[in-house]
Structures are given as C-alpha cells and as structure tokens.
Amino acid sequence: MTNSIREIPLSEAFLVIGSNTTENHPVIGSMIKREVIRNKKKLVVVDPRRIELAKYADVFLQIKPGTNIAILNGLAHVILKEKLYNAEYVSGRCEGFEELKKTLEKYTPEHVAAICGLDDPSLIAKAARILAEAKPMALYYCMGITQFKSGVNGVKCCANLQMLLGNIGIAGGGVNPLRGQSNVQGACDMGALNAVYPAYQPVASEDNKAKFREAWKTALDLSVKPGLTIVEALNGAIAGDVKALYVLGENPVMSDPNQHHVIEAMEKLDFVVVQDIMMTETAQYADVVFPGYAFLEKEGTVSNTERRVQLMHRVVEPAGDSREDWLILTQLANRMGVPWEYGSAREIFDEIRKVTPSYAGITYERLEKELIQWPCPNEGHPGTQYLHREKFSRGLGLMSAIEYTPPAEDVDPEYPVILTTGRILEHFHTGTMSRNSRILEKTVNENFVEINPNEASNYNIKDGELVSVSTRRGSIRIKARVTDRPKPNVAFIPFHFAEAAANKLTIDALDPTCKIPEYKVCACKIEKINM
Amino acid sequence: MESIQLTINGKQLAGHRGQTILEVAGENNIDIPHLCYHPRISKTGACRICLVRVNGTMLKTACTEPVIADMDVVTEDAEISQIRTGLLEMLLSEGCHNCLYCEWNGECELQRLCQKYDVQEPSGVFKNRERTVDTESSNGLRRNENRCILCGRCVKACGEIQMQGVWNFTGRGSSTTLTSDMFAKLGDSSCVMCGTCVQLCPTGALSFQTVLGRGQAWDLKKETSVCIYCGVGCQIDFYTNKEGQLVKAIGNENGPNEGHLCVKGRFGFDFVQSDKRLTKPLIKKNGKFEEASWDEALDLVSSKLTEIKSKSGPDSIMAFSSAKCTNEENYLMQKFMRAVIGTNNVDHCARL
C-alpha cells in the first residue's frame, strides 16, 4: 500500500476493484464498511461477483472477468472528457499524460460497457464523477487486478487513475494493494524474488553484485542472471533443466495453476526438499522433509500490507523435534562449507538492516514500542506513513498508455462459462493451516462452485447438487451453490480444498513481465452428473 | 484543540473540548468504574455505574458528560458508592451470576466491581428470568444471556466495528433481551464469528468455544504475535494455559487492526498444536517416508544439492521461499540460494 490502514477514516471515497475485501481482508473490509455506512463516504465497487461490499456501493460495476483495463480506462476517459482531473498535479508531478490521453480517447462508456458486459454505460460516467469529486479517494485492489495475463497493466491503470486525480502522495488517498499473506510484503522486501536482492536491488547489476559480495563476504561469484519464477521453474523441471527443488513453507501442488502440470514437474525432479509444518500435498513428492516451526513458535519480524514491520513473539513451545526455519538453513549452509554463525532471528535482522536501506533504521528495540513503516533509513527516522509525498520515488509519476487485451482463454461452445477462483472468509490459501483448525474446518468443510441462477436453469442444476466442472486442463466434482453473486456466465470456485482442487482447472498463462498466472479467468464447462 | 482546565478529586487537570470526564480521568490514571463504556464504541450511558458528582451537586455519567471549563468532579463519595452498590445489586439480581461455573471467572468486569463495592448476594427483589442459553448453535461463540447485563457493548461491537449488525435488543423494560438477527439462533444468524462482541463483553454472557475447560483465567499466560493469515498484520494476544495449550486469541489494540480480528485470526490457531504436525525429519526410502535424525537428513540434503550443483550447475536448483515465514527466514533463503548455491532461482508465492 502506498498509504496506511489508519488513514481509512481520512478517505472521502473508495474505489474497491478486484478485492473481495470483507472476506479476504476482513478487518480492512469492516473499516471501509464503517466509513461508508456510518460516515456516508462514497464507494464504487468493481467486481465480477456481487460481493458483500457491492451492497453498500454507490455504484457497483459487475464486469466480465479480465476486463479491468477497459473499465479503468473508461473511468479515466470520463474524468478527462469532463475535465475532472487534477491538471496542476498532472502537469507538475507526472509524465506521459499526452500519450495516455490519446489512448483513452476510444474508451468511451459505450465501448467499455460492451467489453465489460455492462448493460448501462451511464453507470461508468456516474462512478467516474463520484471518484473524481470526493477528495481524497483511496483505491484498493487485490488479486482481482493482478492475477491476469495483463496483471501488470491492470496495476498501471490503477496508478494512472490515481495520478489523474492527484490522489497519490496524500493522506487518505493512494494505490493500495491488499497483500494476501502475512509476510508476502516482507518476503518481497527481503529479495525472495528471482530478479532482486533485498530492497528490490536488481541482481542484474555489477554494482549490486559487488555490494553483496562485500556484505556477505563471499568468494562465490554471485550470479547477475535473473533466476526463474515459480511457474517457470516448474516448466523448467518438465523440460529437464531444473533438477532440484527446495520448498520452504509453500504448497505449489495446491496453489499453482494447472495442477496436473505441477505434479508432472514434481515427479520429474531428481531431488525435492520440503520444509513445512504439515505433510502437505507438495511434501508427498519430497525426498526429504524438514519439520519447521509454526508461527506461534517463532520469533522474528513480518511486514504487513502497509509496509509496517512487526515483531512476532514465541507463544508456545515448538512441536516435537522441529527446528526454526532459519536454523535449518544455517545448518545446511554450514554443511555446504559456508560458515554462517547466526544465533537468533535478531542477529539475522541486524544483518538485514545493513543491506536493506529501507529497513536500516528499524531495530527490535524500536519495534517493541513504536509503529514503524518502511522506508526507515536511519534510527532517528519515524518511518513512512505514505509514499510519494511531494514527489514520486522515481521523480515524476509515470502515466502509462495501456490498451485493453483479452485474457488467454475465451469461452467457446465447448467451454462456454468463465471460471474465476479465489478465497473465502473461513479458509486460507491451500488450507494447510485453516483446514487443520477445528472451528474453521467445522464451519466450512467442503468446496463449492458458485453459479448464477441463469446457468443453473440452463443446465438444470439445483442448489447443493453435485456437478462436474471441467476445463481443457482437468475436471473436478463439486457441489453447486446457486446464487446471484457471480455475473451470469461466470462461475467461482475457492482454491482451498484438495479434494476438489480449483487449480486442477486453472490456466498457467502468465503475465509477460511479472509472470503472475491468470487464475482469475479461464473457460470451463459445467455438467450435471447423472447418477 | 481548545484546552479545558478542570478539577478531578481535587487535582487540577487539563482536557480538551469534546472529551468526556471519563476520558480525561482515564488519561490521568484516575479510575472511574464503568460497564457499558468501551473506548472502541460510541457512548451509551446506560449502566450508570460511572456516575460522578459535578460541582458538588449534580450526578452525571462520566462516560457521556463533556468536560467544561472549571468543572469540579468528584469520582467517589459515600452517596456515589451507595448508588453504585445498589446498581450492581440490581444487575446481579436480574441475572444468574454464579462465578463458580463461569469461564470468565477472574476476568469479569462485573465481578471485579462487585468485589470492589462488597456487593452481597442479591436480595431476590427482582424475579430471576430464565433467558437464552445457546452454547452450541455457533461453531465459535457461546451465549449465556443469564450472565448478560444489557450493557449493549456487543450490539455496538457488531454494529460499529464489524459492521455486521447481528446483535440487537428486543423487548422492553425488564423483559429486554438480546437477539441475534430476527430471533434466530446465533449459529443460524448472519454472524461471521469475528468474536469482537465476546472481546468487548464485560461478563461471561458471550464466550468463545475454545475457552471452557482449558484453565482458569488467572493461570493463563499472554503473549503478543502477528496473525498468520492475510497481509493486514493484525496483532493478536494469544493466551496459553498451564499446560502450554492455546486457549484464546484477543485482538491487540496497538496493531493495525485496533483490536479487531476476523474469524481466521480468532479461531484459526489450533493447527499449531495439531497432532498432524511434522515433528521429525523424514527421508523417503523406497517410496515411503521414514523418520530420520537431523544429522542424517541435513547430510543427505547437503550432499545431494552439492552433487546436483556440480553436475548440472547452480541454475538447476530452485527454491520456493515462503510468505508465511519471517523476514529473517526469507532473507536467509535468498542468501542461501545466491551465496551458497550460486543462483538467483528463488521466488515465493507473491503472485499466487
């Protein structure tokens, strides 16, 4: 998030797009709801499903999955045409406006409504006016923007809109991606990514290479070649280029798209190590399994969606003979001839501070009593509540002229329904934690496919009936939940349930820049099972 | 903000316009007993326990009375104590408050006040009505309205924090009771089990399914950590009993969540102590996992990785790091791949 959770009361309006906030980030969802219901703030919701927030929206735009760019361009088109944008901000703080303007010309409400499957184009203009008039307006998005072949472009369109309106660099505004895992922000900050060292310093740089060789006192010639991303690595395994895989606390067999393909890769690998807390679907394919600590057994730091670094304390004694994840890695490095001598998470953090400029001013002592959000360059720095104040971190805010591009797979007579996937309130990701939590599992213990009454009637399917959902990649049996939540011709399946795994169905098409898979749209067919 | 000078219990204090007597007193560590007031919800002024004397004459509820210049407040005198005792007696006699059977024994705000004011067993003036006991319909929450004092904190927790509006009052006067949606059982209502009503309940009227039978309140140990689920980063106070067993999760007010939690943060913690946890290193031999010592498992992994690295090059090895692990662990994993293996083949589920 460019901005902070505690700024939610400062926003006069919200655009929530591609985020089922009340189920996936419920605490933030409630905060937004409170502003809208109690304090009469404005709300525009854009989603293929009639999510809970849609109930409270001034305008709800129920778009076809995969058409975010069109709708965002459409909103920007109206804002430009009606001169509702912040001209001073755009000319003083941004670049690329003229080109953007040219591209936006054709995204009239009528054109956009046709792409997005909206009946009433005037709603787009209405939404644009609401968003432009209320200042500051905060944009919140989640995987419903990013998990597309055009994910990066979707994010750029979000930034375009907020730059046009002058909503970046002010309290209560911002482009606010809601991060879906407790430390996904931190894992990125720490350089657990194929192309960057900690603090997003590119690996393809001789300067950075020299810097880290020095910092890590390593004789090894650090590679300047960016590595593989998850889906690329699995493809590499099938091709025979990747021989060994070390999985720390992840469950790709459940979480990655096109499960059949993932399993093929796991079977093809010569050597697989899994370090986890449970025997996951992925661990089944391991040659060696290391038992790690669960979160309540650990000490260390995590960074939340608003860049706030927080301390975790040990609550319970560790299970059996399990070990801290950092200790296992340290002992392995020692055996491979590298003399790491870490004695605690805190010692590792002290090293992190030295090589991660945005974390340099953060200490365990400060975290015990202070709220600190990175960047925090030195110990006297209070941390950063919101980014891009006065000027963008790159100098001028870059507006990008982006054209709408369709998803990888379109519906056709054989696979006529759009399938989209996601999470539900009671469960999390691949279920390793939530499905082993008694109360959560008791509350929801089986998967379902949400289908619109329209499809239910077309295929003669009753609520609660077992149906078959298939794509070109696989097929699952699953209970139908007939509801008007999804748009007609759209089906939704959560991906938490191994016994009816949504990712048997999803497509492994990737965004060319960031390699995110297109989980949010593929073509499927729904069939009644005749018993 | 305009500063306001006032006196509480003879002490010269400063507050500002818009603050209540209770808020100014709280900031200055002056305790004014209260039950319906809670800082996270709007002011109710229903229980009257916080009555204080203003300017030597009037009795006002400190939780709703705004401070004004030169106000002279006395928080306790003989008459106030007598009124509070009377109010507490009435609250007790309306319900069935037997601490012996209550899982919130030791944490109950009503109990604390009754002890402070030496309230004796209810005289039985009021007829003790049997009210709703629903300890089973909800997977997460228990409700025993015989312990309810109708303070309304739960109604406001649900209506003002979770914004779900499940709880409300029904009936009038002495037949007022709580209701979840339209008389539905809690488990059939639109409750999303965030548990905020329980966290704010001053008595044992609302409780968690995880608490009963897991130790006495005074034996529980509290430690703060961060929720493991989504990226909001809610701070949670986890309570464990003498046996080290996890008992309950309470939202910490200092976190980005401001005390609030969702159903996963509230109830999704017992997997940590599940008997499905891996407790020993495992090595697959002839297609089957066998328990191994750490030395054996670490030696095997280090020799296999070294062998593959020398035979097929460092880029033939890939690591998936984890968005569930700490910064320290992610840092070490990327350092391990870059500085020990010699490849940038490291990624995690940021995109998944």
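Chemist: Sorry if this is basic, but what is going on with the sheet that holds strand β13 (residues 246-251) of chain B here?
Modeler: Hydrogen bonding along the main chain pairs the strands of a sheet, whether they run parallel or antiparallel. Residue and element names in this part refer to chain B. A sheet is described by the order of its strands in space; here three strands give the open sequence β11-β12-β13, paired in antiparallel fashion. The open sheet terminates on both sides in strands that have one partner only, identified here as β11 (221-226) and β13. Each strand of the sheet is rotated relative to its neighbour by a mean of 30°, with strand direction disregarded. In the sheet, strand β12 (residues 235-240) pairs with β13 via five bridges, with the strands oriented antiparallel. Looking across to β13, one finds that Ile 236 is bridged to Gly 251.

Chemist: What am I meant to see in the interface of chain A and chain B here?
Modeler: How large an interface is tends to be reported as the accessible area lost when its parts come together. Contact residues are listed per partner, giving 148 residues for chain A and 107 residues for chain B. Summing the contributions of chain A and of chain B, the shared interface buries around 11100 Å²; its carbon and sulfur component is 64%. Of all residues in chain A, Phe 295, Arg 335 and Met 336 of chain A give up the largest surface area on contact with chain B, accounting jointly for 6% of the area buried on that side. At the boundary of chain A with chain B, the tally comes to seven salt bridges. The salt bridge involving Arg 335 of chain A is made with Asp 295 of chain B; its shortest N-O contact spans 2.6 Å. At the boundary of chain A with chain B, the tally comes to 62 residue pairs in polar contact (both at pLDDT 80 or more). Residues that form the side of chain A that touches chain B fall into these classes: 83 nonpolar, 36 polar and 29 charged. Two elements, strand β9 (residues 244-248) of chain A and strand β16 (residues 317-320) of chain B, share four bridges in a ladder whose sense is parallel. Following the sheet pairing, Val 247 of chain A is matched in β16 of chain B by Phe 320 of chain B.

Chemist: Is there a simple way to think about helix α7 (residues 294-312) of chain B in this case?
Modeler: At 3.6 residues per turn, the α-helix brings residues three or four places apart onto the same side. Residues and elements named next belong to chain B. In this model, α7 (19 residues) spans 26 Å end to end at C-alpha, consistent with the 27 Å of a helix rising 1.5 Å per residue. Those residues of α7 that sit buried are Trp 294, Ala 297, Leu 298, Val 301, Ser 302, Leu 305 and Ile 308. Down the axis of α7, the smallest arc covering the buried residues is 135°, so these residues share one side. The outward face of α7, more than 90 degrees from its buried face, is lined by the exposed residues Ser 310 and Lys 311. Once α7 ends, the next one or two residues include Gly 313, with phi positive near 90°.

Chemist: Even after reading the chapter, I still don't get the domain arrangement of chain A, so can you show me in this structure?
Modeler: Residue and element names in this part refer to chain A. The domain boundaries assigned to chain A delineate domain 1 (5-178), domain 2 (184-369) and domain 3 (417-528). Placing a centre on the C-alpha atoms of domain 1 and another on those of domain 3 gives a separation of 26 Å. Counting from both sides, the interface comprises 26 residues of domain 1 and, opposite them, 23 residues of domain 3. Buried surface at the junction of domain 1 and domain 3, summed over both partners, amounts to about 2000 Å²; 56% is from carbon and sulfur atoms.

Chemist: Whenever I open this one, the packing of aromatic side chains confuses me. Can you help?
Modeler: A ring pair, where both rings are aromatic, is described by two values, the distance of the centres and the angle of the planes. In this structure the tally under the stated criterion is 21 aromatic pairs over all chains. Relative to Phe 392 of chain A, the ring of Tyr 89 of chain A has its centre 6.5 Å away and its plane inclined at 75°; by these criteria the two rings are edge-to-face. Taken as a pair, Tyr 89 of chain A in helix α4 (residues 87-93) and Phe 392 of chain A in the loop between α17 (364-369) and β14 (397-398) lie far apart in primary sequence, 303 residues in all. Among the aromatic residues, those joined into a ring-pair cluster are Tyr 246, Phe 290, Trp 340 and Tyr 342 of chain A together with Trp 294 and Phe 336 of chain B. The ring of Tyr 239 of chain B has Lys 248 of chain B lying over it, and the distance from NZ or CZ to the ring centre is 4.8 Å.

Chemist: Please clarify how the environment of Thr 61 of chain B should be interpreted in this entry.
Modeler: Residue and element names in this part refer to chain B. With respect to the element layout, Thr 61 can be found in strand β4 (residues 58-61). Sequence separation between Thr 61 and Lys 248 is 187 residues, and the spatial gap between their C-alpha atoms is 33 Å. Other than its neighbours up to four places away in sequence, Thr 61 contacts Arg 48, Cys 50 and Leu 51.

Chemist: For this particular structure, what's the right way to read the pattern of salt bridges?
Modeler: As a working rule, side chains carrying opposite charge can pair if their charged atoms are close by. Tallying each qualifying case throughout the model produces 50 salt bridges over all chains. The salt bridge partner of Arg 346 of chain A is Glu 365 of chain A, with a shortest N-O separation of 2.5 Å. Of this pair, Arg 346 of chain A sits in helix α16 (residues 345-355) while Glu 365 of chain A is found in helix α17, placing the two residues 19 residues apart along the sequence. Between Lys 116 of chain B and Asp 31 of chain B there is a salt bridge; the shortest N-O distance is 3.8 Å. Of the two residues, Lys 116 of chain B is situated in helix α3 (residues 109-116) and Asp 31 of chain B in the loop between α1 (21-27) and β3 (51-54); the sequence distance between them amounts to 85 residues. Given the relative accessible area of 53%, Asp 31 of chain B is considered exposed.

Chemist: Where do I start with the packing of helix α3 (residues 68-81) of chain A against helix α7 (residues 122-133) of chain A in this structure?
Modeler: Helix packing geometry: the angle between the two helix axes and the distance between the axes. Residue and element names in this part refer to chain A. Relative orientation of the contacting elements α3 and α7 amounts to 70°, with a least axis distance of 9 Å. By the angle between their directions, the pair α3 and α7 is classed as roughly perpendicular. Like other packed secondary-structure pairs, α3 and α7 cross with a definite hand, here right-handed. Seen from α3, the contacting residues are Ile 71, Gly 74, Leu 75, Val 78 and Ile 79; seen from α7, they are Ile 124, Ala 125, Ala 127, Ala 128, Leu 131 and Ala 132.

Chemist: Where do I start with the pairing of β16 of chain B in this structure?
Modeler: Regular strands place their side chains on alternate faces of the sheet. Residues and elements named next belong to chain B. Residues Ile 317 and Ala 319 of β16 are buried on one face, and the alternating residues Met 318 and Phe 320, pointing to the opposite face, are buried as well. Note that β16 and strand β17 (residues 346-347) share two bridges and pair parallel. What sits directly across from Phe 320, in β17, is Asp 347. For the segment spanning β16, helix α8 (residues 327-341) and β17, crossover handedness is right-handed.

Chemist: Just checking my understanding: could you explain the domain arrangement of chain B for this structure?
Modeler: Under the domain assignment used here, chain B contains domain 1 (3-76), domain 2 (133-273), domain 3 (278-312) and domain 4 (315-352). Taken over C-alpha atoms, the centre of domain 1 of chain B sits 55 Å from the centre of domain 4 of chain B.

Chemist: Just checking my understanding: could you explain the sheet that holds strand β6 (residues 175-177) of chain A for this structure?
Modeler: All names here are of chain A. Spatially, β3-β2-β1-β5-β6 is the arrangement adopted by the five strands of the open sheet, whose pairing is parallel. Pairing within the sheet leaves two strands with one partner each, and these edge strands are β3 (59-61) and β6. Sheet twist, expressed as the average angle between the axes of neighbouring strands with direction ignored, equals 15°. Summarising the sheet, strand β5 (residues 137-141) and β6 pair through three bridges and their orientation is parallel. Paired with Tyr 140 across the two strands is Asn 176, which belongs to β6. Sitting on the sheet, α7 touches β1 (13-17), β2 (42-46), β3 and β5, and the angle it makes with β3 is about 125°. Across the sheet, helix α9 (residues 151-164) is in contact with β1, β5 and β6; its angle to β5 comes to roughly 175°.

Rules used throughout
Residues numbered from 1 in each chain as written. Chains lettered and ligands numbered in written order. Predicted model: local features only at pLDDT ≥ 70, side-chain atom pairs only at ≥ 80, totals over all residues. Heavy atoms only, no water. Pairing = 2+ DSSP bridges. Helix = DSSP H or I, 4+ residues; strand = E, 2+ residues; numbered from the N terminus. Axes fitted to C-alpha atoms, helices over the stretch in contact; angles between N-to-C directions. Contact = heavy atoms within 4.5 Å. Buried area = accessible area lost by both parts, 1.4 Å probe. Salt bridge = Lys/Arg side-chain N within 4 Å of Asp/Glu carboxyl O. Polar contact = N/O pair within 3.5 Å; in protein donor to acceptor, adjacent residues only side chain to side chain. Nonpolar A, V, L, I, M, F, W, Y, C, P; charged D, E, K, R; others polar. Expected span 1.5 Å × (residues − 1). Buried < 20%, exposed > 50% of the residue type's maximum accessible area, 1.4 Å probe, protein only. Arc of directions from axis to C-beta. Domains from an automatic or database assignment. Phe/Tyr/Trp six-rings, centres within 6.5 Å; stacked < 30°, edge-to-face > 60°. Lys NZ or Arg CZ within 6 Å of the ring centre and 35° of its normal. Parallel < 35°, antiparallel > 145°, perpendicular 65-115°, else oblique. Left-handed = near helix turned anticlockwise from the far one by under 90°. Right-handed = clockwise from strand over helix to strand, strands pointing away.

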